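What follows is the residue order along each chain.
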Amino acid sequence: MSSSQHPIALAIERRVGGDGRLLATVMCLPLVDGVFPALILAGAMGSVSGVFEVGLLVFGGSATVAVILADLDGTPREQVLTVLGVGAILLPIAAVEAALAPTIASVLDLAIFERFAGLVILAIAAQTASSRIADLIPRPAIVVGFGLIASLDLGGAELTVATDPELVVNGTATALVGVGFAVLVALAGPWLRANVDIDRFRFGSAVALGVLALSIYGFVPSDAPLSLAVLAMAGLLAFDPDQGLIFPPRESPVDAEADESLPDGGSQSDASNSVSTESDGSDDRSPWL
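Residues numbered from 1 in each chain as written. Predicted model: local features only at pLDDT ≥ 70, side-chain atom pairs only at ≥ 80, totals over all residues. Heavy atoms only, no water.

A. Local environment of the overall build of the chain. Helices and strands together make up the secondary structure of the chain, namely 15 helices and 0 strands. Sorting the 289 residues of the chain into buried and exposed places 42% on the buried side. Counting only contacts in the chain whose residues sit at least 6 apart along the sequence, the fraction spanning at least 24 positions is 82%. Accessible surface, the chain: about 15,500 Å² in total, of which carbon and sulfur atoms supply 64%. (Helix = DSSP H or I, 4+ residues; strand = E, 2+ residues; numbered from the N terminus. Buried < 20%, exposed > 50% of the residue type's maximum accessible area, 1.4 Å probe, protein only. Contact = heavy atoms within 4.5 Å. Areas by Shrake-Rupley, 256 points an atom, 1.4 Å probe, with all protein chains shown as cover.)

B. Empty space enclosed by the protein, seen in detail. Summed over the entire model, instances satisfying the criterion amount to 1 cavity of 30 Å³ or more. Considering only enclosed or pocket space, the largest cavity measures out at about 30 Å³ in volume. The wall of the largest cavity is formed by Glu53, Val211, Leu212, Ser215, Val220, Ala224, Leu226 and Ser227. Those elements giving two or more residues to the lining of the largest cavity turn out to be α12 (198-217) and α13 (226-238). (1 Å grid on protein atoms, 1.4 Å probe; cavity = no way out; pocket = protein on both sides within 12 Å on 5 of 7 lines; lining within 4 Å. Points joined across faces, edges and corners; volume = space filled by probe spheres on them.)

C. Representation of the pattern of salt bridges within the structure. Per the stated rule, a full pass over the model turns up 2 salt bridges. A salt bridge links aspartate 197 to arginine 200; the nearest nitrogen and oxygen atoms lie 3.7 Å apart. A residue is classified by how much of its surface remains accessible, and arginine 200, at 42% relative accessible area, is partly exposed. (Salt bridge = Lys/Arg side-chain N within 4 Å of Asp/Glu carboxyl O.)

D. Just the side chain of threonine 64, in detail. With respect to the helices and strands, threonine 64 occurs in helix α5 (residues 62-70). Exposure remark for threonine 64: the relative accessible area of 2% places this residue in the buried category. Within polar-contact distance, the side chain of threonine 64 engages the backbone oxygen of phenylalanine 59 at 2.9 Å. (Polar contact = N/O pair within 3.5 Å; in protein donor to acceptor, adjacent residues only side chain to side chain.)

E. Local environment of the environment of leucine 187. Mapped onto the secondary structure, leucine 187 falls in helix α10 (residues 165-187). Through-space distance from the C-alpha of leucine 187 to that of valine 80 is 6.9 Å; in sequence the pair is 107 residues apart. With near-sequence residues (within four places) excluded, leucine 187 lies in contact with Pro76 and Val80.

F. Summary view of helix α4 (residues 48-59). The terminal C-alpha atoms of α4 lie 16 Å apart, and with 12 residues this matches the ideal 16 Å at 1.5 Å per residue to within 8%. Most of α4 is tucked away, with 10 of its 12 residues classed as buried. All buried positions along α4 are accounted for by Ser49, Gly50, Val51, Glu53, Val54, Gly55, Leu56, Leu57, Val58 and Phe59. (Expected span 1.5 Å × (residues − 1).)

Right, dumping it as structure tokens:
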């Protein structure tokens, strides 16, 4: 990546390639590896603050920001169209997974599964913070798989599909928050590239993900949007307007020497012009002869 070395985005870029496909893969990854359904089952989106926390940290996280600012080509308008195209895929899938969540919950022990959901968020936070740590811990999809096996409880299984309209609305709204955040990043891309340190924001979002995991475990009150506060602080600390300053071009050593005054008060450039004028009048031969 040209501006950021985000571990998750880099790993996906090696497999996928292409800026549009890379953005689609990064934003839709929580739907594929089971992170989004796990958070639904853990009750992470049971409030308005939870919807914004998951939407901003999971769908519109630092990997999405890094891809838009460092890899997505085109003007801001073209980037917005790309983001909206990804959102057209993201929103209906999120709604379907949210609709199926109660059916999945009927065959699981949610008390056990919530612990694995917290581990999933911690794993994503570790991968976001460092690529070395990402190589040492299992992938989130593996953690979700073990969680499903460990919490499987067929005693309460239901053959019919159970849906909860509130979950569908919250799940769709969560994906919409992520897409909306990505659109804002695309629109403000030129300013953000000049004034925001992406890597600082990446580390801050990793801390915010860790706080979200603590809220799932109950160490942080779920009704207090602490992870949003941490994310806002990360954005504030990542603000670095100095990197966007345009410095005047420095003079090359040759130009500096050419502007130095000669001992007689003239300049070296004037002397060379004088010499060239005299040679033009005294000798018409080619300088290479």
